Amino acid sequence: MSKPPTFYINRNRYIELNSHMSVGFEGYFYGRALKDGKVVREFGASKNLITNLGLDSIGTGPLFARMHLGTGTSAPLVTDTALTNFGVNVTLANPSSTSGIDAGPPTYGWNRMTWTSDVGAVTGVWTEIGISSQNTNGNLRSHALIVDGGGSPTSFPVLADEQFQGTYEFRVYPSIVDVPASVNLSGTPYDTITRA
(Lines give C-alpha, C1' and ligand atoms only; values in the text may rest on other atoms or scores of the structure.)
Protein backbone atom coordinates (compact mmCIF):
# COMPACT_ATOMS: atom_id res chain seq x y z
CA MET A 1 0.00 0.00 0.00
CA SER A 2 1.46 3.39 -0.99
CA LYS A 3 1.86 6.17 1.52
CA PRO A 4 -0.64 9.06 1.07
CA PRO A 5 0.71 12.57 0.41
CA THR A 6 1.89 14.37 3.54
CA PHE A 7 1.37 18.10 4.09
CA TYR A 8 3.82 20.13 6.16
CA ILE A 9 3.28 23.73 7.31
CA ASN A 10 6.59 25.51 7.67
CA ARG A 11 8.39 28.56 6.26
CA ASN A 12 7.61 27.03 2.91
CA ARG A 13 4.70 24.63 2.62
CA TYR A 14 5.59 21.26 1.13
CA ILE A 15 3.73 18.41 -0.49
CA GLU A 16 5.42 15.01 -0.56
CA LEU A 17 4.96 13.44 -3.98
CA ASN A 18 4.94 9.65 -4.37
CA SER A 19 6.81 9.35 -1.05
CA HIS A 20 10.06 10.05 -2.90
CA MET A 21 10.37 13.77 -3.58
CA SER A 22 9.33 16.95 -1.80
CA VAL A 23 8.39 20.13 -3.60
CA GLY A 24 8.14 23.48 -1.83
CA PHE A 25 5.79 26.30 -2.80
CA GLU A 26 6.04 29.95 -1.86
CA GLY A 27 4.57 33.22 -3.05
CA TYR A 28 5.09 36.96 -2.84
CA PHE A 29 2.81 39.94 -3.46
CA TYR A 30 4.02 43.25 -4.88
CA GLY A 31 1.82 46.30 -5.44
CA ARG A 32 2.07 49.82 -6.68
CA ALA A 33 -0.07 52.84 -7.40
CA LEU A 34 0.38 54.39 -10.85
CA LYS A 35 -0.51 57.90 -12.00
CA ASP A 36 -0.13 58.74 -15.67
CA GLY A 37 1.89 55.53 -16.07
CA LYS A 38 4.40 56.42 -13.35
CA VAL A 39 4.86 54.74 -9.95
CA VAL A 40 3.79 57.05 -7.10
CA ARG A 41 3.97 54.54 -4.20
CA GLU A 42 4.56 50.82 -3.80
CA PHE A 43 4.88 47.88 -1.45
CA GLY A 44 6.94 44.80 -2.08
CA ALA A 45 7.76 41.30 -0.97
CA SER A 46 4.60 40.81 1.04
CA LYS A 47 4.98 37.09 1.66
CA ASN A 48 1.73 35.22 1.22
CA LEU A 49 0.09 32.27 2.85
CA ILE A 50 -0.93 29.60 0.34
CA THR A 51 -4.28 28.35 1.57
CA ASN A 52 -5.41 24.74 1.73
CA LEU A 53 -7.63 25.49 -1.29
CA GLY A 54 -4.54 26.77 -3.10
CA LEU A 55 -2.49 23.65 -2.39
CA ASP A 56 -5.37 21.33 -3.22
CA SER A 57 -5.96 23.03 -6.58
CA ILE A 58 -2.38 22.87 -7.89
CA GLY A 59 -2.49 21.10 -11.23
CA THR A 60 -6.29 21.08 -11.49
CA GLY A 61 -7.07 24.19 -13.53
CA PRO A 62 -7.15 27.99 -13.13
CA LEU A 63 -5.27 28.61 -9.94
CA PHE A 64 -4.49 32.32 -9.89
CA ALA A 65 -7.09 34.06 -12.10
CA ARG A 66 -7.95 37.18 -10.09
CA MET A 67 -6.37 39.50 -7.53
CA HIS A 68 -8.52 40.95 -4.74
CA LEU A 69 -7.96 43.76 -2.25
CA GLY A 70 -9.66 44.16 1.12
CA THR A 71 -9.63 45.99 4.42
CA GLY A 72 -9.30 43.09 6.84
CA THR A 73 -6.55 43.03 9.46
CA SER A 74 -6.81 39.44 10.77
CA ALA A 75 -3.76 37.24 10.36
CA PRO A 76 -4.20 34.93 7.34
CA LEU A 77 -4.91 31.23 8.06
CA VAL A 78 -4.44 28.18 5.84
CA THR A 79 -8.19 27.53 6.17
CA ASP A 80 -9.15 30.94 4.70
CA THR A 81 -11.50 30.67 1.73
CA ALA A 82 -12.12 34.42 1.30
CA LEU A 83 -10.61 37.76 2.24
CA THR A 84 -11.58 38.89 5.74
CA ASN A 85 -13.25 42.05 4.42
CA PHE A 86 -13.45 41.96 0.62
CA GLY A 87 -13.25 45.30 -1.17
CA VAL A 88 -12.57 45.00 -4.89
CA ASN A 89 -11.48 42.71 -7.66
CA VAL A 90 -8.49 44.47 -9.26
CA THR A 91 -9.63 43.69 -12.82
CA LEU A 92 -11.82 41.23 -14.71
CA ALA A 93 -9.00 40.62 -17.18
CA ASN A 94 -6.60 37.71 -16.90
CA PRO A 95 -3.12 38.66 -15.69
CA SER A 96 -0.09 39.11 -17.88
CA SER A 97 2.46 36.43 -17.04
CA THR A 98 6.19 35.75 -17.25
CA SER A 99 8.16 32.78 -15.93
CA GLY A 100 11.72 31.63 -15.42
CA ILE A 101 14.21 29.80 -13.25
CA ASP A 102 16.47 31.15 -10.53
CA ALA A 103 19.55 28.94 -10.17
CA GLY A 104 19.86 29.90 -6.50
CA PRO A 105 20.74 28.42 -4.18
CA PRO A 106 18.04 27.51 -3.57
CA THR A 107 16.95 26.66 -7.10
CA TYR A 108 13.35 27.53 -7.92
CA GLY A 109 11.07 28.13 -10.86
CA TRP A 110 8.88 31.23 -10.78
CA ASN A 111 5.80 32.58 -12.47
CA ARG A 112 4.97 36.29 -12.11
CA MET A 113 1.38 37.31 -12.78
CA THR A 114 0.41 41.00 -12.97
CA TRP A 115 -3.04 42.61 -12.84
CA THR A 116 -3.56 46.34 -13.62
CA SER A 117 -6.79 48.14 -12.75
CA ASP A 118 -8.44 50.94 -14.71
CA VAL A 119 -7.95 54.47 -13.37
CA GLY A 120 -10.21 54.99 -10.35
CA ALA A 121 -11.45 51.37 -10.27
CA VAL A 122 -9.56 50.44 -7.08
CA THR A 123 -9.93 53.66 -5.08
CA GLY A 124 -9.59 53.04 -1.35
CA VAL A 125 -7.20 52.26 1.49
CA TRP A 126 -6.28 48.56 1.44
CA THR A 127 -4.78 46.32 4.12
CA GLU A 128 -5.10 42.79 2.70
CA ILE A 129 -4.52 41.14 -0.65
CA GLY A 130 -5.35 37.76 -2.10
CA ILE A 131 -5.50 35.59 -5.20
CA SER A 132 -8.62 33.71 -6.21
CA SER A 133 -9.97 31.68 -9.09
CA GLN A 134 -13.06 33.90 -9.44
CA ASN A 135 -14.21 37.52 -9.73
CA THR A 136 -16.09 37.59 -6.43
CA ASN A 137 -14.79 36.93 -2.92
CA GLY A 138 -14.12 33.22 -2.34
CA ASN A 139 -12.02 30.30 -3.60
CA LEU A 140 -9.01 32.07 -2.07
CA ARG A 141 -5.73 30.50 -3.19
CA SER A 142 -3.39 32.78 -1.24
CA HIS A 143 -3.79 35.52 1.35
CA ALA A 144 -1.54 38.15 2.93
CA LEU A 145 -1.69 41.35 4.89
CA ILE A 146 0.00 44.24 3.11
CA VAL A 147 3.23 45.01 4.97
CA ASP A 148 5.79 47.80 5.09
CA GLY A 149 9.52 47.43 4.46
CA GLY A 150 10.02 46.11 8.00
CA GLY A 151 7.36 43.42 7.62
CA SER A 152 4.70 45.11 9.79
CA PRO A 153 1.07 45.27 8.59
CA THR A 154 0.26 48.59 6.97
CA SER A 155 -2.34 50.25 4.75
CA PHE A 156 -1.93 51.10 1.08
CA PRO A 157 -3.95 53.96 -0.43
CA VAL A 158 -5.01 54.15 -4.07
CA LEU A 159 -6.47 57.53 -5.10
CA ALA A 160 -9.30 58.17 -7.56
CA ASP A 161 -6.91 59.36 -10.29
CA GLU A 162 -4.60 56.32 -9.94
CA GLN A 163 -4.37 52.73 -11.10
CA PHE A 164 -3.38 49.79 -8.93
CA GLN A 165 -0.92 47.28 -10.35
CA GLY A 166 -0.45 44.07 -8.37
CA THR A 167 1.96 41.23 -9.02
CA TYR A 168 1.97 37.76 -7.53
CA GLU A 169 5.13 35.67 -7.82
CA PHE A 170 4.52 31.94 -7.36
CA ARG A 171 7.66 29.88 -6.70
CA VAL A 172 8.22 26.14 -6.94
CA TYR A 173 11.26 24.65 -5.18
CA PRO A 174 11.96 21.14 -6.54
CA SER A 175 14.36 18.67 -5.02
CA ILE A 176 17.42 18.94 -7.27
CA VAL A 177 19.19 15.84 -5.99
CA ASP A 178 18.50 12.27 -7.04
CA VAL A 179 16.28 10.37 -4.60
CA PRO A 180 16.91 6.60 -4.67
CA ALA A 181 14.13 4.29 -3.50
CA SER A 182 12.81 0.78 -3.89
CA VAL A 183 9.37 0.20 -5.40
CA ASN A 184 7.50 -3.08 -5.06
CA LEU A 185 5.49 -4.09 -8.13
CA SER A 186 3.52 -7.35 -7.97
CA GLY A 187 5.79 -8.61 -5.22
CA THR A 188 9.03 -7.78 -7.03
CA PRO A 189 11.22 -4.93 -5.67
CA TYR A 190 12.73 -2.51 -8.20
CA ASP A 191 15.37 0.09 -7.50
CA THR A 192 14.37 3.55 -8.71
CA ILE A 193 15.77 7.05 -8.86
CA THR A 194 13.41 10.03 -8.76
CA ARG A 195 14.82 13.09 -10.48
CA ALA A 196 13.31 16.55 -11.03
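Residues numbered from 1 in each chain as written. Predicted model: local features only at pLDDT ≥ 70, side-chain atom pairs only at ≥ 80, totals over all residues. Heavy atoms only, no water.

> What's the story with the pairing of strand 6 (residues 66-70) in this structure? I'm lost.
Looking down a regular strand, the side chains alternate between one sheet face and the other. By the criterion of burial, strand 6 is predominantly enclosed, with 5 of the 5 residues buried. Burial of the side chains of strand 6 extends over both faces: Arg66, His68 and Gly70 are buried on one face and Met67 and Leu69 on the other. Pairing analysis gives 5 bridges linking strand 6 to strand 11 (residues 128-132), with the strands arranged antiparallel. Residue His68 lies in a different strand from strand 11, and its bridge partner there is Gly130. In this structure, strand 6 lies alongside strand 7 (residues 86-89), joined through 3 bridges in antiparallel fashion. Within the sheet, the bridge partner assigned to Leu69 lies in strand 7 and is Val88. (Buried < 20%, exposed > 50% of the residue type's maximum accessible area, 1.4 Å probe, protein only. Helix = DSSP H or I, 4+ residues; strand = E, 2+ residues; numbered from the N terminus. Pairing = 2+ DSSP bridges.)

> Explain the sheet that holds strand 7 to me, please; I cannot follow it from the model alone.
Hydrogen bonds along the backbone pair up the strands of a sheet, which may run parallel or antiparallel. A sheet is described by the order of its strands in space; here 5 strands give the open sequence 5-12-11-6-7, paired in antiparallel fashion. If you trace the sheet from one side to the other, it starts and ends with strand 5 (49-50) and strand 7, each paired once. Both strand 5 and strand 12 (residues 140-145) contribute to a ladder of 2 bridges, which runs antiparallel. From the neighbouring strand, Leu49 faces strand 12, where its bridge partner is His143.

> What should I look at first to understand the pattern of salt bridges in this one?
Opposite charge on two side chains makes pairing possible when the charged atoms of those side chains draw close. A full pass over the atoms with the stated rule returns 4 salt bridges. Between Lys35 and Asp161 there is a salt bridge; the shortest N-O distance is 2.9 Å. Of this pair, Lys35 sits in strand 3 (residues 21-35) while Asp161 sits in the loop between strand 13 (156-158) and strand 14 (163-173); the two residues are 126 residues apart in sequence, bridging distant segments of the chain. Across the pair Arg171 and Glu169 runs a salt bridge whose closest N-O atoms are separated by 2.6 Å. You can call Arg171 buried: its relative accessible area is 13%. (Salt bridge = Lys/Arg side-chain N within 4 Å of Asp/Glu carboxyl O.)

> How do you make sense of the nonpolar core when you look at a structure like this?
Counting 26 residues, the largest nonpolar core has Phe29, Met67, Leu69, Ile129, Phe164 and Tyr168 as the members making the most contacts within it. Broken down by secondary-structure element, the contributors of at least two residues to this core are strand 3, strand 6, strand 9 (108-116), strand 11, strand 13 and strand 14. The biggest single contributor to this core is strand 3, with 4 residues. (Core = buried A, V, L, I, M, F, W, Y, C linked by side-chain atoms within 4.5 Å.)

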